[in-house]
Structure formats: C-alpha cells, structure tokens
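So the chains spell out like this:
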Amino acid sequence: MDNDTFSDISTFRGYHWKGTDCDELNSNIYPGRKEGKNKVIDHDCNGIYGKSNSTGKAFESVLCENTNRLGVAVVGDSAGAHFSIPEKYFNATDIQKGTYHDILRRIADELDLPFESGYTAHVPTADYVSHSVYKYLRNWNLCNNNDYQNVGVNGGDSGNSWGNIKALKRDPVNDHPLLIFFELIGNDVCSKSFDGMTTVAEFEKNVLRLLNWLDSTVPKGSHVWIYGLADGELLYDNLHNWTHPLNVTYAQVYDFLNCLEISPCWGWLNTNATIRRFTTERAMNLSKVYNKILKEHTFENFDMVYYEFPALDILQRRFDEGGIPQDMIERCDGFHPNGLFHSYLADWTWSKLQTEHPDWIGMQNPHNDEIIARFGLKPYL
C-alpha cells in the first residue's frame, strides 16, 4: 500500500519473499531501514522498539548500534528461489481428497518455496531441520530479524536478470548493508539448443551490467557472494536409471520433456552424452568469467568473493552420513536441488563465512539474551 515493495501478505512476492512490512502506510518503515529521527518506533520491522524508562534511550540504539547489521538477499534463478512441485501431485497412489489443497498458494508463489531456500528460509519445516544463511545470521545478531530478500526468478539467467534484479530494495543512504548471493547456476546453458546458450562474451557483459547496477543501489559495506554455474551432469549420472514418480525412469522422462521442448535443461537432462559434456564445458567457461571480473574490476559499495557451486561437497556430506545423492534432488523434475540440499548449502556457506569472512559478519551480538528476554525474538533451532 505504501509502495516500498514490502508487504504484510505472504504470497505474490510478499513476506514469503521479503521481510514483513510492519507499517503499510509509511514508506519509510520497512525491513533493513536504519534508525530514523524517531528512534523508539520499529522503523526496520525487526521487533525491537520503545525506550528504557531508566535511561530514556531507545532500545534499538542500546541493543543494536555497532553490532554489524547485515541483511541477506539472493539474486538469481529458480534454484535460489527453491522451485518445488510436490511429488504427491504426480503419484497416483497419493492422489486423494486434499492432495491439491495448497495448489493455489503454490501458484501464487510461482511454484517456489523462498521461505525454505538455503539463503532466505525463515519458517520451520515438518520433514527436516531447515537451515538458511538468513537464519544463521539472525541467530548471530537478533537485530537482523526480518531482514531478508529473495528476488530469484524461475528461468533467471544473466540476460533477463536485468529486469529481475530491480525487485531488490535497498537504499544506499538510509538502509543497512546487504550480503547478496549472486547465483545463476544453470539457465545460461539450459536452452533448447547449442545456439541458444549464452556465450562467454555475452555473459561477461551481462554480469558486469548487473554488478554495476548493484553498486548504484546497495549501501556501502555490502558484500556480494558469487556462486558459479553447477555441474549439471551430476543429475543425469545419478538419476537416469532411477524411477520417477510417474513409474518410468528419469532418462525416459528427460527424453519425453525434450521431445515436447519443455525440459528445464535440454543440455544436461539429455540421454546424449556428447550434448551433456558440451553443456558442462560451456558452463565451466562461463564460470571462469567471474574470476576475470574479480581480477579486473572493483566496486565502490561492495566487495566480492567467488566460489564454485559446492554440489560435490554437499553430496559427499550426504554420502558420509549414510544417504545417497538422489536424496538431494527434487523428485518431480529431477533437476532442482530439494529442501535438504538447500539446508546443507546453508551449512556449507555459513561455515565459509565464519572461517574465511569473519569480518563480514562481525562479532556475535552481546545483547541477544536481552533481546530474547525483552522482545521474545527466539533464535531458530
């Protein structure tokens, strides 16, 4: 209602995607906002407000100042948004009254689960302990409560993200810095033919355009964490002989989707090994562009780091714990990482943040216990 892009409803890019707006009539009150002139109101919707009767100081100032405030955002594709279609929709033995009770909500969220993403998960799940970078960062400093943004879009690639990225909301002067995950892990090579794949030159041009826009938008002191393209051959290697919920092999499903030209990734989900190998080689060459950019470019308002997408590390952890790779992939499409993978990705990323970038997250907020006692902002499990 106040046109600040944050909402107090869940779907249609509401608080499932971004922190909840606690005042829909004031465009200067929203998640991530710095203190305004009236310090006692909840200007950033983190649940901390009021002032001490004994000192007269605002609790936001006492409990949150100089605690390295940092919001979390992801700019990317359906993997970052956590695309997911329930297996029960396709398994005839599961179809019964109530099977599709949530389908309208899922459509309103574009068949994504941003509230269970490895970057921005903020609700508990019934099937597993759902971790996210946002949850870790919020536990580290409860003043970061409610400060998350997921602007991932199904089909997002380096080209069309020029429109998608503008859904990110951050004022360079009036807002706290952001930790931005820049993840485009496949769509630049997931076309319907070789000719449709993004070239190295196009990719570099597109990525620089996006990073320059971020530099004009985010507050100084922000950070950009870049993940390279995934090795999508892992999907076919691990799934092709397994049975899909439709009771056929994944290889048969991939062929069928390619025949209809509706495959989520023609190059990787393909029974032709030569096509799969070419797709991976193109993906690897695109990922090399990131290191080139890191060597040749600096930005005023953020620093950057690049990591290869840690699929192998995550699958190895699952194997070491007695699981199998198939546990980590969406059953219906055989392409997207599932919720368990997202949770493991959050663990992997948080570990890297603590060990390799401790200056980004700063010291743990020493006032967390007081925030819990006074405002009830309990840490996530």
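Refer to the preceding data block for the structure.
Residues numbered from 1 in each chain as written. Predicted model: local features only at pLDDT ≥ 70, side-chain atom pairs only at ≥ 80, totals over all residues. Heavy atoms only, no water.

A. How the structure looks around the overall build of the protein chain. Looking only at helices and strands, the protein chain features 13 helices and 5 strands. Taking 21 Å as the expected radius of gyration for a compact globule of 381 residues, we find that the protein chain reaches 21 Å, a close match to that expectation. In terms of overall dimensions, the protein chain has a C-alpha envelope of 70 × 55 × 40 Å along the principal axes. Burial status across the protein chain gives 58% buried among its 381 residues. The contacts in the protein chain between residues at least 6 apart in sequence include a share of 69% that link residues at least 24 apart. (Helix = DSSP H or I, 4+ residues; strand = E, 2+ residues; numbered from the N terminus. Rg over C-alpha atoms; globule rule 2.2 N^0.38 Å. Buried < 20%, exposed > 50% of the residue type's maximum accessible area, 1.4 Å probe, protein only. Contact = heavy atoms within 4.5 Å.)

B. Structural context of the nonpolar core. In this structure, F182, L211, L214 and V224 are the most contacted members of the largest nonpolar core, which totals 45 residues. Secondary structure elements with two or more residues in this core: strand 1 (71-76), strand 3 (178-183), helix 6 (200-215), strand 4 (222-227), helix 7 (233-239), helix 8 (250-260), helix 9 (273-296) and strand 5 (302-307). With 7 residues, helix 6 is the single largest residue contributor to this core. In this structure, V224 is in contact with I180, F182, L211, L214, F302, D303, M304, V305 and W360, ignoring residues within four places of it in sequence. Within the second largest apolar cluster, 33 residues are counted, among which are W140, Y148, I314 and L345. (Core = buried A, V, L, I, M, F, W, Y, C linked by side-chain atoms within 4.5 Å.)

C. Quick look at the environment of L63. Relative to the helices and strands, L63 is located in helix 1 (residues 59-64). Among the residues examined, L63 registers a relative accessible area of 0% and is labelled buried. Measuring from C-alpha to C-alpha, the distance between L63 and L142 comes to 9.4 Å, with 79 residues separating the pair along the chain. Residue contacts for L63: discarding those within four places in its chain leaves I48, C143, N365, H367, E370, I371 and F375.

D. A look at the sheet that holds strand 5. A sheet is described by the order of its strands in space; here 5 strands give the open sequence 2-1-3-4-5, paired in parallel fashion. Two strands close off the open sheet at either side, each with one partner strand: strand 2 (148-150) and strand 5. On average, adjacent strands in this sheet sit at an angle of 15° to one another, irrespective of strand direction. Here 5 bridges tie strand 3 to strand 4, and the two strands are oriented parallel to one another. Within strand 4, the position partnered with I180 by the bridge is V224. Sheet strands touched by helix 4 (residues 133-140): strand 1, strand 2 and strand 3. Its angle to strand 1, the strand with the most contacts, is close to 165°. Sheet strands in contact with helix 11 (residues 339-356) are strand 3, strand 4 and strand 5, and its direction is about 130° off that of strand 4. (Pairing = 2+ DSSP bridges. Axes fitted to C-alpha atoms, helices over the stretch in contact; angles between N-to-C directions.)

E. Up close: the state of the cysteines. Applying the stated rule across the entire model yields 3 disulfides. A disulfide bridge connects C22 with C45, and the sulfur atoms are separated by 2.1 Å. One disulfide, between C22 and C45, carries an S-S torsion of -80° and so falls in the left-handed class. Here C22 is found in the segment before helix 1, whereas its partner C45 is found in the segment before helix 1, with 23 residues between them in sequence. Residue classification places C45 among the buried positions, given a relative accessible area of 6%. Disulfide pairing places C190 opposite C265 at an S-S distance of 2.0 Å. Note on the C190 and C265 pair: the S-S dihedral is about -80°, so by sign convention the disulfide is left-handed. Of this pair, C190 sits in the loop between strand 3 and helix 6 while C265 is found in the loop between helix 8 and helix 9, placing the two residues 75 residues apart along the sequence. Judged by its relative accessible area of 13%, C190 is buried. Take the cysteines of the protein chain that form disulfides and number them in order along the sequence; they join up as 1-2, 3-4, 5-6. Its sulfur unpaired, C259 is 17 Å from the next cysteine sulfur, which belongs to C265. (Disulfide = S-S within 2.5 Å.)

F. Looking closely at the packing of helix 10 (residues 311-320) against helix 11. Viewed as axis vectors pointing N to C, helix 10 and helix 11 meet at an angle of 110°, and their least axial separation amounts to 10 Å. Classified by the angle their axes make, helix 10 and helix 11 are roughly perpendicular. Within the contact between the two elements, helix 10 uses A311, D313, I314, R317 and R318 and helix 11 uses L340, F341, Y344, L345, D347 and W348. Tallied by class, residues from the contact of helix 10 with helix 11 come to 7 nonpolar, no polar and 4 charged. (Parallel < 35°, antiparallel > 145°, perpendicular 65-115°, else oblique. Nonpolar A, V, L, I, M, F, W, Y, C, P; charged D, E, K, R; others polar.)

G. Spatial organisation of the environment of S351. By the secondary structure assignment, S351 is in helix 11. Judged by its relative accessible area of 36%, S351 falls in the partly exposed class. C-alpha of S351 to C-alpha of T271: the two residues are 80 residues apart in sequence and 36 Å apart in space.

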